[in-house]
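The chain contents come next:
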Amino acid sequence: AGRRSSPDCPYRRPQKRDNREDEITLQHFFKLTTHGRNILAACMASEAPLNITKVSFGSGRVGEETNLADVHELIHYIADGTVGERRHENDRLYLSVQYTNDAKHAAVGTFILSEYIVYAMNPDTGQEQDFIYGTLGDYGQSVPACNPNFPSGIWDFPMTLVVSDEINVVVSAPAGLVTYNDLYAMLNIIGTYCLDITIPTTGWVSSTEGGEECNFAVDIPNDRITEKQIPNLTFLPSSLSAAVACGMCQTVQTIPGALRVYAKTVPAVPLQGSLTLSGHMGSGTEIEDSGIFALPTASAAQLGGIKIGDGLTAADDGTTSVAKATDEDIEDMLGEIYPPNDN
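My aim in this report is to walk through the structure given alongside it, one point at a time. Computed from a predicted model, the values in this text were never measured in an experiment.

### Regarding the packing of aromatic side chains
- All told, the structure shown has five aromatic pairs when counted by the stated rule.
- In textbook terms, an aromatic cluster arises when at least three aromatic residues are bridged by ring pairs, as seen for Phe57, Tyr99, Phe111, Tyr116 and Phe157.
- Over the aromatic face of Tyr119 sits the side chain of Lys54, whose NZ or CZ is 5.0 Å from the ring centroid.

Laid out in structure tokens, this is it:
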């Protein structure tokens, strides 16, 4: 029977010892094919069981430089065998395939067993594909034809597949987490991007908008900046000390077509920084067309967004109020409709 030995010793030749020969131990090499990797990935993604369908044996020999993962069919098919042990312990899948020269293989003559392929079902396509390819290399085993006068022989090839070894990858995500493509598309729509900013030494004006410690302000023009965006300004290391020296304020403001920055004093040298802008750039049409998110229009049966119209006002914090008529307004209106009777 074919058995695995140490990978450092694929074949051990007979050695003389007390006029006896040691046992010949053969190494069979096997590898998941590229199709097999796809099958495992599909099983994990769809939570489908691994369905190993059959094993076939052959007498072909692959080239020495051949990657076993790229072999998808036997070089020379001989007959089908049986799948024996199938079990797993922790991160290891134990599997064995067997060939028996019994009565069901009576038509198969003597051959050199040197390769095999294990097949499995791909849950995505519903088709049987190669899963593992194995080879005995230069040291194939001679398998005699079935002989009813002798017991059947069994050629067994055990395998161990390590699902996770030294490299462990854990991917976890809460329900509802967006995909990278969705996030990238949404960021493009809402206009999140970075700009290189140079803060000049000219154009500064007195200002108290930035707070008590921010006496000066300057507007840095850029056509891509809108007042609806949220700015985040950081200084490059080469400009950090100069920014500290002039007392640059943490407060920055986006206005139509420019970024407004504040400082305690006017900087002595131009400052280099990186500006990250996030927030919606337009009217909202693009978001609605993208299918990612859109606030629905409010109706009698649907919560949603509204626009402020006649008779309705909105405070700075978004509180809406109805411009209702006073008692005097009502009396005046009724007086116009029903004039008082002088009599």
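### Here's the deal with the state of the cysteines
- The full count for this structure, using the stated rule, is one disulfide.
- Covalently, Cys214 is tied to Cys249 through a disulfide, its sulfur atoms 1.5 Å apart. Negative torsions about the S-S bond denote left-handed disulfides, and the value of about -125° found for Cys214 with Cys249 makes this one left-handed. One end of the pair, Cys214, is in the loop between strand 16 (205–206) and strand 17 (216–221); the other, Cys249, is in strand 19 (residues 248–255), and 35 residues separate them in sequence.
- Using a relative accessible area of 5% as the deciding quantity, one classes Cys214 as buried.
- No disulfide involves Cys246; its sulfur sits 8.8 Å from the nearest other cysteine sulfur, which is in Cys249.

### So, the nonpolar core
- Counting residues in each nonpolar core, the largest one holds 24 residues, and the members touching the most others are Tyr99, Leu113 and Val118.
- Residue assignment for this core shows that the elements contributing at least two residues are helix 1 (34–46), strand 6 (52–58), strand 9 (92–100), strand 10 (111–113), strand 11 (115–122), strand 12 (127–135) and strand 14 (154–162).
- Discounting residues that sit within four places of it in the chain, Leu113 has contacts with Phe57, Gly58, Tyr99, Leu136, Gly140, Gln141, Val143, Trp155 and Phe157.
- In this structure, Ile225, Ala243, Ala263 and Leu277 belong to the second largest nonpolar core, which totals 18 residues.

### Considering helix 1
- Taking 1.5 Å per residue, 13 residues should reach 18 Å; helix 1 reaches 18 Å between its end C-alpha atoms and fits that length.
- Burial in helix 1 covers these residues: Gly36, Ile39, Ala42 and Cys43. Buried residues along helix 1 cover an arc of 120° about the axis, so they all sit on one side. Of the residues in helix 1, the exposed ones pointing more than 90 degrees away from the buried face are Met44 and Ala45.
- Those residues of helix 1 hidden inside the fold are in contact with strand 5 (29–32), strand 11 and strand 12.

Definitions and limits used
- Residues numbered from 1 in each chain as written.
- Predicted model: local features only at pLDDT ≥ 70, side-chain atom pairs only at ≥ 80, totals over all residues.
- Heavy atoms only, no water.
- Phe/Tyr/Trp six-rings, centres within 6.5 Å; stacked < 30°, edge-to-face > 60°.
- Lys NZ or Arg CZ within 6 Å of the ring centre and 35° of its normal.
- Disulfide = S-S within 2.5 Å.
- Helix = DSSP H or I, 4+ residues; strand = E, 2+ residues; numbered from the N terminus.
- Buried < 20%, exposed > 50% of the residue type's maximum accessible area, 1.4 Å probe, protein only.
- Core = buried A, V, L, I, M, F, W, Y, C linked by side-chain atoms within 4.5 Å.
- Contact = heavy atoms within 4.5 Å.
- Expected span 1.5 Å × (residues − 1).
- Arc of directions from axis to C-beta.

Bear in mind that shape data such as this cannot, by itself, settle questions of function.
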